[in-house]
Amino acid sequence: MNEPILLVEDEENDIFFMTDAFNRLGIVNFQIVTDGQQAVDYLRGEGKFSDRSQFPMPTIVLLDLKLPFIMGLDVLKRIRERPGGPIVIILSASSDPRDISSGYAAGANAYLVKPSSVEGLLNLVRSIKDFWLTHNVVPDSRFASVRP
Amino acid sequence: MNQGAQFSPGNMSAGDFQSSSSSAGGVNSAQERLLAFSKLGHRLCSARTQRDAIKIILDIADTFFGWDACTFDSYSEAEDAVSAVIVVDRIGDERVDVEPVVRNQKPTRRMRQVIEEGPLLILRKPPIQMPSDAVPMGDQSRPSASLLYVPVRSCDRVIGLLSIQSYTPDAYSVEDLETLQSLADHGAGALERIQAEEKMQQLNRELEDRIAERTAALAATVGELEAFSYSVSHDMRAPLRAMHGYAQILVEQYPGKVLDETAVDYLSRIARSAVRMDLLIQDVLSYTKVLRGHVTLEPVDMEGLIADVIDAHPQWRSSKASIEVIGRIPKVVGNEALLMQCVSNLLSNAIKFVVAGAQPHVKIRPEQIGNNVTIWFEDNGIGIAPEDHGRIFRMFERIHPAAEFEGTGIGLTIVRKAVERLNGQVGFKSTPGQGSKFWMQLPKATE
């Protein structure tokens, strides 16, 4: 339940509503980065994100697609270059079938379309909490290289 | 006129002309000539190019009176210009197709004489000098000794010039000239037909090129519009979500303060407007999808589809609307996604447009006419006044003020466009106060 989450989102309103939803649902262990480059740096533990006690490796990345510097899809591709990366949930305003299939093709674990209302967003974050943080079991990073 | 004839042995085609053994004096039996003439029409019919047709004429001319060289020039009266189509000359023992050099040129003095005065027989006495304006051919050292020169005429209009020539003095007679003229007259019809066909093919090619060009330009425009509408609709929805969200948060959990009734009302209006704008954008998006999306036609189970649509709209149940399917609906040929959209829009309208407080009742009734299935959606709503009948399928046309009935005015436009794309039809019958009957007609699927 206390797995760390990384939210990659550049739109300040969306950041506000997501933070609001996290707060209302009691999710406290989350970090926010606002562009693709920061996301890559964070996940590599580079630059200002080198201190893992302050910036823990996330279990779940909530990833927007339209991002400054590096697009979400490219962030995802870089994450999937190495085995044992985090769960990546795309959270995008786009319901375009091309975006959805390229998201899954690049290795997304889920693709969620941003709802247009506050309740919708709250419900969505609640589902994420229930499924991904409560029921879903994540692999131990020590076994990342174990292949079936 | 002497431009230096090119002749290319590469063009030599032994099978093109049956080579007569002697340069002059071929078949002369009247019977054989008659037979050749009788077959001429049939042979000319199969000619597809001017060269083919002329070669048939020259071939027969060869069997009649033989030749060493021959030319055919097409003539355009409008431009007063000749272009060589066929030039053949005997080089040594062989006849060689010489690359024609005359293209869109004024006729020579001799050509003009033939065009204006008719067939010409020239018999030169040795020693023969090359005429100064002779059109160069393969072997330029030998001027022709005997020439038959005839106009090829169609309806008194000269369309070409045919000449056969021999290096043997006195090879041809006046009768030969008459025979060649009648051969040319026979060929003229075929030539004209071929010219018309070639012109038509040319026009067709030009037309196809132009269509291809415009199609490409249109496809590019459509592509740009697609990208534009996609990004506009997504970028437009983000600030709306924000407007809606902040208004809602203010109403629900503004920290530490209680808002008065007026403030809450204004905030709700902001939120409602945001929702409405979002609906508009979504509808425009659906419309553009219906407009240009890829559509495959396949058998669709309408009964299952209608049930799915009803399941997807729990708000219809909560409004206590009853939807009743009367009779078995046959499968139709259509597209599931588009038909879902149509059924959903038609049912939404049927349920929405009722007198305030009334319980909506919709009957769905199939009717089979020939190979088509018409599906009726009959409601007990407010109906549509006759003066509004022309407007309701138009985009953004709303008959009722938004305060009375929610909507964007795009729903029926989407239905009509979708049904058009499915090769179907849509329409309605309605009387104010007595409900509306919308129908959708689609081809029946073979079961």
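Further up the page is the structure itself.
Participant: So what exactly am I meant to see when it comes to the overall build of chain A here?
Facilitator: Summing up its helical and strand segments, chain A has 5 helices and 5 strands in all. Taken from N to C terminus, the helices and strands of chain A fall in the order β-α-β-α-β-α-β-α-β-α. Sequence-distant contacts in chain A: of pairs separated by 6 or more residues, those separated by 24 or more amount to 64%. Entry remark: accessible area of chain A is about 7500 Å², with carbon and sulfur atoms responsible for 54%.

Participant: What is the right way to read the overall build of chain B from this model?
Facilitator: Within chain B, the secondary structure is distributed over 9 helices and 13 strands. Taken across its 447 residues, chain B has 44% of its residues classed as buried. In chain B, 70% of the contacts between residues at least 6 apart in sequence involve partners at least 24 apart. If you sum the accessible surface of chain B, you get close to 23500 Å²; carbon and sulfur atoms cover 54% of it.

Participant: Help me understand the pairing of strand E2 (residues 30-33) of chain A in this model?
Facilitator: Side-chain direction in a regular strand flips from residue to residue, so the side chains alternate between the two faces of the sheet. Residues and elements named next belong to chain A. In the sheet, strand E1 (residues 5-8) pairs with E2 via 4 bridges, with the strands oriented parallel. The partner of Leu7 across the bridge, within E2, is Ile32. Note on the crossover from E1 through helix H1 (residues 12-25) to E2: the handedness is right-handed.

Participant: Is there a simple way to explain the nonpolar core in this structure?
Facilitator: Inside soluble globular proteins, nonpolar side chains tend to come together where they are buried. Residues and elements named next belong to chain B. If you look at the biggest cluster of nonpolar residues, it comprises 41 residues, and the most contacted ones within it are Met302, Leu339, Val343, Leu347, Phe377, Phe438 and Met440. Secondary structure elements with two or more residues in this core: helix H5 (261-292), helix H6 (302-311), helix H8 (336-352), strand E10 (361-369), strand E11 (372-379), helix H9 (411-421), strand E12 (425-430) and strand E13 (436-443). Ranked by residues supplied to this core, first place goes to H8 with 8 residues. In terms of nonpolar packing, the next biggest core, distinct from the first, is built from 36 residues, Ala36, Ile56, Ala171 and Ala184 among them.

Participant: Looking at this structure, how should I read the packing of aromatic side chains?
Facilitator: How two aromatic rings sit relative to each other is given by the distance of their centres and the angle of their planes. Residues and elements named next belong to chain B. Summed over all chains, the structure comprises 14 aromatic pairs over all chains. Residues Phe428 and Phe438 carry aromatic rings whose centres are separated by 5.1 Å and whose planes lie at 25 degrees to one another, so their mutual orientation is stacked. In this pair, Phe428 is assigned in strand E12 and Phe438 in strand E13, connecting sequence segments 10 residues apart. The exposure class of Phe428 is buried, given its relative accessible area of 16%. A residue is classified by how much of its surface remains accessible, and Phe438, at 9% relative accessible area, is buried. Ring pairing ties together the aromatic residues Phe37, Phe64, Phe65 and Tyr172, which thus form one cluster. The cationic tip of Arg95 hangs over the ring face of Trp67; the distance from NZ or CZ to the ring centre is 3.7 Å.

Participant: What is the right way to look at the interface of chain B and chain A in this model?
Facilitator: Interface size is commonly expressed as the accessible area that is lost once the parts come together. The interface is formed by 15 residues belonging to chain B together with 19 residues belonging to chain A. Buried surface at the junction of chain B and chain A, summed over both partners, amounts to about 1500 Å²; 46% is from carbon and sulfur atoms. Counting across the interface, chain B meets chain A through 1 salt bridge. A salt bridge links Asp14 of chain A to Arg241 of chain B, with the nearest nitrogen and oxygen atoms 3.2 Å apart. Between the two partners, chain B and chain A, sit 3 residue pairs in polar contact (both at pLDDT 80 or more). With 14 residues, the single largest contributor to the side of chain B that touches chain A is helix H4 (residues 174-253) of chain B.

Participant: Quick question: what am I supposed to make of the sheet that holds strand E5 (residues 146-154) of chain B here?
Facilitator: Two modes of strand pairing occur in sheets, parallel and antiparallel, and in both the strands are linked by backbone hydrogen bonds. Residue and element names in this part refer to chain B. Across the sheet, 6 strands lie side by side as E3-E2-E1-E6-E5-E4; this open sheet has antiparallel pairing. Taken across any chain shown, the strands that pair with only one partner, and hence form the sheet edges, are strand E3 (94-97) and strand E4 (120-123). Looking at each pair of strands side by side, their axes are set apart by 15 degrees on average, direction ignored. In this sheet, E5 lies alongside E4 in antiparallel orientation, the contact comprising 4 bridges. The residue bridging Ile122 from the neighbouring strand is Leu147, located in E5. Strands in contact with helix H3 (residues 109-117) are strand E1 (69-76), strand E2 (81-91), E4, E5 and strand E6 (157-166); relative to E5, the strand with the most contacts, it is inclined by about 50 degrees.

Participant: What exactly am I supposed to notice about the environment of Lys106 of chain B here?
Facilitator: Residues and elements named next belong to chain B. Residue placement: Lys106 occurs in the loop between E3 and H3. Distance in space between the C-alpha atoms of Lys106 and Val82 is 6.2 Å, their sequence separation being 24 residues. Within the structure, the side chain of Lys106 is placed 3.5 Å from the backbone oxygen of Asp80, a separation counted as a polar contact.

Participant: Could you clarify how one ought to interpret the pattern of salt bridges in this entry?
Facilitator: Opposite charge on two side chains allows them to pair when their charged atoms are near. All names here are of chain B. Applying the stated criterion to the full structure yields 20 salt bridges over all chains. Here Glu378 makes a salt bridge to Arg365, at a shortest N to O gap of 3.0 Å. Residue Glu378 is found in strand E11, and its partner Arg365 is found in strand E10; the two are separated by 13 residues along the sequence. We classify Glu378 as buried; its relative accessible area is 14%.

Thresholds, definitions, all that
- Residues numbered from 1 in each chain as written.
- Chains lettered and ligands numbered in written order.
- Predicted model: local features only at pLDDT ≥ 70, side-chain atom pairs only at ≥ 80, totals over all residues.
- Heavy atoms only, no water.
- Helix = DSSP H or I, 4+ residues; strand = E, 2+ residues; numbered from the N terminus.
- Contact = heavy atoms within 4.5 Å.
- Areas by Shrake-Rupley, 256 points an atom, 1.4 Å probe, with all protein chains shown as cover.
- Buried < 20%, exposed > 50% of the residue type's maximum accessible area, 1.4 Å probe, protein only.
- Pairing = 2+ DSSP bridges.
- Right-handed = clockwise from strand over helix to strand, strands pointing away.
- Core = buried A, V, L, I, M, F, W, Y, C linked by side-chain atoms within 4.5 Å.
- Phe/Tyr/Trp six-rings, centres within 6.5 Å; stacked < 30°, edge-to-face > 60°.
- Lys NZ or Arg CZ within 6 Å of the ring centre and 35° of its normal.
- Buried area = accessible area lost by both parts, 1.4 Å probe.
- Salt bridge = Lys/Arg side-chain N within 4 Å of Asp/Glu carboxyl O.
- Polar contact = N/O pair within 3.5 Å; in protein donor to acceptor, adjacent residues only side chain to side chain.
- Axes fitted to C-alpha atoms, helices over the stretch in contact; angles between N-to-C directions.

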